[in-house]
Amino acid sequence: MSISDRSISYATALYEATHQEMSRDPSVFVYGLGVDDAKGMYGSTMALHRDFGPERCFDTPLAEDAMTGVGIGAAIAGMRPIHVHQRMDFLLLCMNQLVNMAAKMGYMTDGAVKVPMVIRGIIGRSWGQGAQHSQALHSFFMHVPGIRVVAPTTPYDAKGCMIAAIRDNNPVVFMEHRMLYNNQGIVPEEPFEVPFGQARILSEGDDITILGISHMVVEALRAKHLLEKVGIDAEVIDPVSLAPLDIDTILRSVEKTGRLLIVDTSWLHCGASAEIIAQIYERQQGSRHFLARRLGYQETPCPTTRSLENVYYPSAKSIALRAYEMMGNDVASWVPDEVEAVEIAEFKGPF
Amino acid sequence: MVNPDNVADVAALYERIYLIRRVEEEIIRIYPTDKVKSPVHLSIGQESVSVGVCSNLRSQDIVYATYRGHAAYLAKGGNLNKMFAELYGKVGGFASGKAGSMHLGDIDAGMIGTSAIVSTSIPLAVGNALAMRMQGRDVVTVVFFGEGATDEGVYHESLNFASLKKLPILFVCENNFYAIYSHVRDRMPDANICERANAYRIPAKKIEGGDIFAICNAARDSLAAINAGEGPQFLECMTYRWRDHVGPGEDRHIEYRPDSELDRWIKDDQVARLAGMLDAATRDKIESSTNSRIAAAETAAEESPFPDPEIMYTNVYQ
Ligand SMILES: Cc1ncc(C[n+]2csc(CCOP(=O)(O)OP(=O)(O)O)c2C)c(N)n1
């Protein structure tokens, strides 16, 4: 196998990026609950403490609020901390430090200080994660000037975005998804950056634009295959970075297809999907008519039981049906094949 | 005082602790069938804390606990059928499967709720105590949490406020030494949890070895002090989790704690200790009736249907 077609998992890609940056730059360090334990954050921080020592990869007390502030202070003083959270839900305990301090220190000092910090949050799903271990909070952070938000889907982007995030001089909320951790993909071995603010067209098509966020990109690609069977050619876009957002690429696609279906891995109200549609609309100012629909979590907390969880999340099938409907068809006239989401079916938790 | 020489006292404690142990053993047995599709945090090894404390509570008293909440729920007199159905994700559960193992809560049993975000129910318990005082109600609030929860800022803020207002609340720290795989010594310069409570002027007592009688009696004294208007009280109960942090399995292979430490605690098992204090006939009677209750709860959970999708949308707002 040549280096160029080496395939690794999303978890390994994150690990490799972190390892390479820690080797390159002694100011990079990793901390957070469980980063140095036997499970190594599902492999993404595995053994970093052995290679770089306990000073540069360490467990912390359960103290998210203070530990966030400690990271911000260290970042201001010249370090490049990576604070890891096993669930994105725990970022709610970090909110004050991130929003009032990290996002504003650069501005309030008129650039005298910067906060080069990465905040990793893993979104949970399946095996009854329930209401408090399944939330995706990207829209909270997208709202705040001074914070970058990225949500890579492929192992390639996981590695490239992680390196870019570590090198970036701003706080970067790095949103991962538990259901992506075993995803395999081709990733170059040498370090590389995926620049922020560039969306990726994962699969071209002329009929409808389906934009997925995080794990929903995977479901959108499955939906594309279903739609092919009824002659619908979907274009699938992964924004990769949410703040900054590459609205130009999305706009070009929508101008081509005239239809935009956004599938978020979160709720819709005041969410990323609302923002994207508003921006497209503002840019177009009615110059071209386009249809827009959204899918996301049901507007409830996440139920624990599988029977309700299945309804709570969009699926390849529900995405395909919505796209089919947007193409002017009667949804009752098509029953898409069942496609198994293997990463969900095979996940037996517990976390 | 609970008297180890009094057969009735011992039998009452055994009935509760045996139920909890057996329920969790059943969860371990059932788990490979994937009927409980949810993370479970077992209390096996730690039951004496919940049983010892709750044996002193009245039905009107209120308990808050954590995601490791099976023991507290059952010790407080929770409904076994509803608990099993909830674990199975069925409509027969107290939240129709919307809560699951991590969020046991049942107002009828006086256990309001449990949170999977560490330390977050502690201030709610303090709020409950505040409300009880404002309403002039004769209710004591008890909050269970792990030693890991005492790392959090909100814990300290809650203790400070409870003490400031002299609220009728009992803080119960179940110190099992580990937060997931992280030892308390790696999180605190000195695990002086009682001293820290004392710094907020809250009387605190440490009970070694998971000793169920010592826990019972200490809780009784603490509750008496609370009822006498002396304000919050604190118990640090040393205990040990036998199984993995989450899931039904053992965790010796992870090698984060010495086998000898675990073996020592298993040797001091409080369930076996109580069993050994009872005559065979008393013990058999308790065990067989408990096992039939559990079997019935499993059957009821099996037979209960999964919730219809409409149930998902209920109670988002009240
Ligand atoms: C605020 C928060 N941070 C981190 C976690 C992840 N987590 C779940 S349980 C746990 C350990 C808690 O230990 P302890 O309070 O001692 O309770 P135990 O699990 O031992 O009963 C951690 C870190 C969480 N659920 N919530």
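Worth saying up front: this structure is predicted, and the values here are computed from it rather than measured.

Caption draft 1: Region of interest: the sheet that holds strand 1 (residues 62–66) of chain B. Residues and elements named next belong to chain B. In space, the six strands of this open sheet follow the order 2-1-3-4-8-7, with parallel pairing throughout. The sheet is open, and its two borders are formed by strand 2 (111–115) and strand 7 (204–207), each paired with just one other strand. Averaged over all pairs of adjacent strands, the angle between their axes in this sheet comes to 15°, without regard to strand direction. With three bridges connecting them, strand 1 and strand 3 (residues 141–146) associate as parallel partners. Paired with Ile-62 across the strands is Thr-141, a residue of strand 3. Sheet strands touched by helix 5 (residues 122–134): strand 1, strand 2, strand 3 and strand 4 (169–175). Its angle to strand 3, the strand with the most contacts, is close to 170°.

Caption draft 2: How the structure looks around the interface of chain A and chain B. Tallying the contact residues gives 35 residues for chain A and 37 residues for chain B. For the pairing of chain A and chain B, the buried interface totals around 2800 Å² over both sides, and the portion due to carbon and sulfur atoms is 66%. It is A:Leu62, A:Trp127 and A:Leu308 that lose the most area in chain A upon contact with chain B, and together they represent 23% of the buried surface on that side. Where chain A packs against chain B, one counts two salt bridges. Across the pair B:Asp34 and A:Lys348 runs a salt bridge whose closest N-O atoms are separated by 2.5 Å. Along the contact surface separating chain A from chain B lie 15 residue pairs in polar contact (both at pLDDT 80 or more).

Caption draft 3: Quick peek at helix 9 (residues 259–267) of chain B. Residues and elements named next belong to chain B. Within the sequence span of helix 9, burial applies to Glu-261, Leu-262 and Trp-265. Projected down its long axis, helix 9 shows its buried positions confined to an angular sector of 95°, all on one face. On its buried face, helix 9 sits against strand 5 (178–179) and strand 8 (233–238).

Caption draft 4: Here's a closer look at the domain arrangement of chain A. All names here are of chain A. Domain annotation of chain A identifies domain 1 (7–186) and domain 2 (200–346). Domain 1 and domain 2 are separated by 27 Å when their C-alpha centres are compared. Contacts between the two partners involve 30 residues from domain 1, matched on the other side by 31 residues from domain 2. Both sides together, the interface formed by domain 1 and domain 2 hides about 2400 Å², and carbon and sulfur atoms give 57% of it. When residues of domain 1 are sorted by the area they lose upon contact with domain 2, Arg-125, Met-142 and Met-179 head the list and together hold 25% of the total. Applying the counting rule to domain 1 against domain 2 returns one salt bridge. Salt-bridge contacts for Arg-200 lead to Asp-157; the nearest nitrogen and oxygen are separated by 2.7 Å. For the interface between domain 1 and domain 2, the tally reads eleven residue pairs in polar contact (both at pLDDT 80 or more). Secondary structure elements with two or more residues in the side of domain 1 that touches domain 2: helix 6 (138–142), strand 6 (148–150), helix 7 (155–167) and strand 7 (172–177). The class makeup of the residues in the side of domain 1 that touches domain 2 is 15 nonpolar, twelve polar and three charged.

What counts, and where the lines are drawn
- Residues numbered from 1 in each chain as written.
- Chains lettered and ligands numbered in written order.
- Predicted model: local features only at pLDDT ≥ 70, side-chain atom pairs only at ≥ 80, totals over all residues.
- Heavy atoms only, no water.
- Pairing = 2+ DSSP bridges.
- Helix = DSSP H or I, 4+ residues; strand = E, 2+ residues; numbered from the N terminus.
- Axes fitted to C-alpha atoms, helices over the stretch in contact; angles between N-to-C directions.
- Contact = heavy atoms within 4.5 Å.
- Buried area = accessible area lost by both parts, 1.4 Å probe.
- Salt bridge = Lys/Arg side-chain N within 4 Å of Asp/Glu carboxyl O.
- Polar contact = N/O pair within 3.5 Å; in protein donor to acceptor, adjacent residues only side chain to side chain.
- Buried < 20%, exposed > 50% of the residue type's maximum accessible area, 1.4 Å probe, protein only.
- Arc of directions from axis to C-beta.
- Domains from an automatic or database assignment.
- Nonpolar A, V, L, I, M, F, W, Y, C, P; charged D, E, K, R; others polar.

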